[in-house]
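Tertiary structure, described
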Amino acid sequence: MMEFLKAILGFVLELTIFFCIGSLLMRKMKLKAEASLALVLGYLLYFSVFEFLTVPLTLAWVPLHTLCLIWGIILAVVVCLSIFFQSKPWIQQLKGIGGIPKSHGLLLLLVAGVILLQCAIVVLYEDTTVDAAYYVGTVSTSVYTDTLGRYNPYTGLLYKDFPARYILSAYPMHNAVWCRFLGIHPIIQAKIIMPVIHVLVANFIIYHIGKRLFHGGRKQADLMTCLVCLMQLFSYTIYTPGTFFFTRSYEGKSLLGNVIFPVVLYCSIWFWQKAKDYRPWLVLFLASASGAAFSGSSLIFPVAVSAGILPTLLFKKRFRALFPYILCMLPTILYAAVYFSQRLGWLTLSAS
């Protein structure tokens, strides 16, 4: 019973923090207040900052409790700032809740049912692949040894050299931090709390893609969200995002396919509609940085960005946008430079 209550507390706290971070970012970007978009942007910014903070600390052999202290202070400051600056907009949003059912109609109930179904699937389905052992095992070894990824989760032995394929992605350490914050078991955090949060974030992204495509039409966006879910349910192969979404939602690769790349599509549509707007580039930069936090497979991020952005650059002759186009991919480029330097033997990420 206590683990169940801690799981609910962790779910609420993490969602609240993502929302607070996103609210501040939307204020800075001068975007219309919308809770679902704030959650998505806060999620991206959270993992972007966490990646840039955690990887150097990991390579410097800093213990887990030190990262928890630093990150806890940062989060406390951000939440306080968000309450200070955003309390009035939040009150206005609460006053407008009554109009939500009217603007969505009965489709709102359908979307809610679809999301609940997805949450049930990711919580109740148990995947026991090798990747499952890593994404839970490395959290466990870090929590119970007070280290940051220094132990091989398959053998329990200390790494002699950090594996660049994994250690440059900080997502497992996020789970380790929250296990220490809440005193919760790594399996609960990694395979229940975060997968449910990923379901919400992924669906909100699809919803906002629909709003972009249908020029703000909420009902059309609702219907698109339901249709994407249906497509994922009936497109089962080992290569499709839907398979990762429902059966391996705790893995970094799943987050790339179901969160990061949809964000790229969202920004590509946004850039097509408003080619002079700087804000899609900022979101793309956050997608690049947070993608590096999730998985080394983010190395293909530049390909996805090029496929979405270059046609608009060429068609609308927005060649001045080549600079932000390259800039938004810098986190992935830096990741690739370190990764291939280690693979080629030019760099050693010593763990001992």
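Below you will find a few notes about this structure. (Residues numbered from 1 in each chain as written. Predicted model: local features only at pLDDT ≥ 70, side-chain atom pairs only at ≥ 80, totals over all residues. Heavy atoms only, no water.)

1. Quick notes on a nonpolar patch on the surface
Together, Met-1, Met-2, Phe-4, Leu-5, Ile-8 and Val-12 give the surface a local cluster of nonpolar side chains, amounting to about 650 Å² of exposed area. Tracing the backbone shows Ile-8 in helix H1 (residues 2-29). (Patch = residues over 30% accessible without salt bridge, like charges linked within 9 Å, V, L, I, M, F, W, Y side chains within 5 Å. Areas by Shrake-Rupley, 256 points an atom, 1.4 Å probe, with all protein chains shown as cover. Salt bridge = Lys/Arg side-chain N within 4 Å of Asp/Glu carboxyl O. Helix = DSSP H or I, 4+ residues; strand = E, 2+ residues; numbered from the N terminus.)

2. Topic: the pattern of salt bridges
This structure, assessed with the given rule, holds five salt bridges. The residue Glu-251 makes a salt bridge to Arg-248 at a minimum N-O spacing of 2.8 Å. By relative accessible area, Glu-251 is classed as buried at 0%. Overall, the relative accessible area of 18% leaves Arg-248 in the buried class. Between Arg-279 and Asp-277 there is a salt bridge, and its shortest N-O distance comes to 2.8 Å. Residue class for Arg-279 comes out buried when judged on its relative accessible area of 15%. With relative accessibility at 12%, the residue Asp-277 sits in the buried group. (Buried < 20%, exposed > 50% of the residue type's maximum accessible area, 1.4 Å probe, protein only.)

3. A closer look at helix H14 (residues 301-315)
With 15 residues, H14 ought to run about 21 Å at 1.5 Å a step, and its terminal C-alpha atoms sit 22 Å apart, in line with that. The complete set of buried residues in H14 reads Phe-301, Pro-302, Val-305, Ser-306, Ile-309, Thr-312 and Leu-313. Where the residues of H14 are buried, they touch helix H12 (252-273), helix H13 (279-294), helix H15 (322-327) and helix H16 (330-343). Directly after H14, the chain includes Lys-317, whose backbone phi takes a positive value near 55 degrees. (Expected span 1.5 Å × (residues − 1). Contact = heavy atoms within 4.5 Å.)

4. Observations regarding unusual backbone geometry
Note on backbone geometry: most residues besides glycine have negative phi, and most peptide bonds are trans. Backbone geometry at Asp-146 places phi at a positive 55 degrees, although glycine is not the residue there. Residue position: Asp-146 is located in the loop between helix H6 (130-145) and helix H7 (164-167).

5. Quick look at the packing of aromatic side chains
Aromatic ring pairs are defined here through the distance separating the ring centres and the angle between the ring planes. Enumeration according to the criterion identifies 22 aromatic pairs in this entry. With a centroid separation of 6.0 Å and 40 degrees between ring planes, the pair formed by Phe-18 and Phe-47 is classed as tilted. Here Phe-47 lies in helix H2 (residues 35-59) and Phe-18 lies in helix H1, a separation of 29 residues in the sequence. Aromatic rings pair up to connect Phe-18, Tyr-43, Tyr-46, Phe-47, Phe-50, Trp-71, Tyr-171 and Phe-294 into one cluster. Looking at Arg-150, its charged tip hangs above the ring of Trp-61, at a distance of 5.1 Å from the centre. (Phe/Tyr/Trp six-rings, centres within 6.5 Å; stacked < 30°, edge-to-face > 60°. Lys NZ or Arg CZ within 6 Å of the ring centre and 35° of its normal.)

6. Some thoughts on the environment of Met-2
As for its placement among the helices and strands, Met-2 is situated in helix H1. Sequence spacing of Met-2 and Ile-184 is 182 residues, and the spatial spacing of their C-alpha atoms is 9.3 Å.

7. Concerning the packing of H12 against H13
With their axes 10 Å apart at the nearest point, H12 and H13 run at an angle of 170 degrees to one another. Classed by the angle they form, the pair H12 and H13 counts as roughly antiparallel. Residues Gly-252, Leu-255, Leu-256, Ile-260, Val-263, Val-264, Cys-267, Trp-270 and Phe-271 of H12 form the contact with H13, whose own contacting residues are Arg-279, Pro-280, Trp-281, Val-283, Leu-284, Ala-287, Ser-290, Gly-291 and Phe-294. Here the residues of the contact of H12 with H13 are counted per class, giving 14 nonpolar, three polar and one charged. (Axes fitted to C-alpha atoms, helices over the stretch in contact; angles between N-to-C directions. Parallel < 35°, antiparallel > 145°, perpendicular 65-115°, else oblique. Nonpolar A, V, L, I, M, F, W, Y, C, P; charged D, E, K, R; others polar.)

8. Considerations on the side chain of His-104
Counting through the fold element by element, His-104 comes out in helix H4 (residues 100-104). Not counting residues within four places of it along the chain, the set of residues in contact with His-104 comprises Tyr-207, Arg-218, Lys-219 and Asp-222.

9. Remarks on the environment of Gln-342
Here Gln-342 is to be found in helix H16. Residue classification places Gln-342 among the buried positions, given a relative accessible area of 18%. Distance in space between the C-alpha atoms of Gln-342 and Ala-164 is 6.9 Å, their sequence separation being 178 residues. Leaving out residues up to four positions away in the same chain, Gln-342 has contacts with Phe-162, Pro-163, Ala-164, Leu-347 and Leu-349.

Function-wise, these values are silent; they only describe arrangement.
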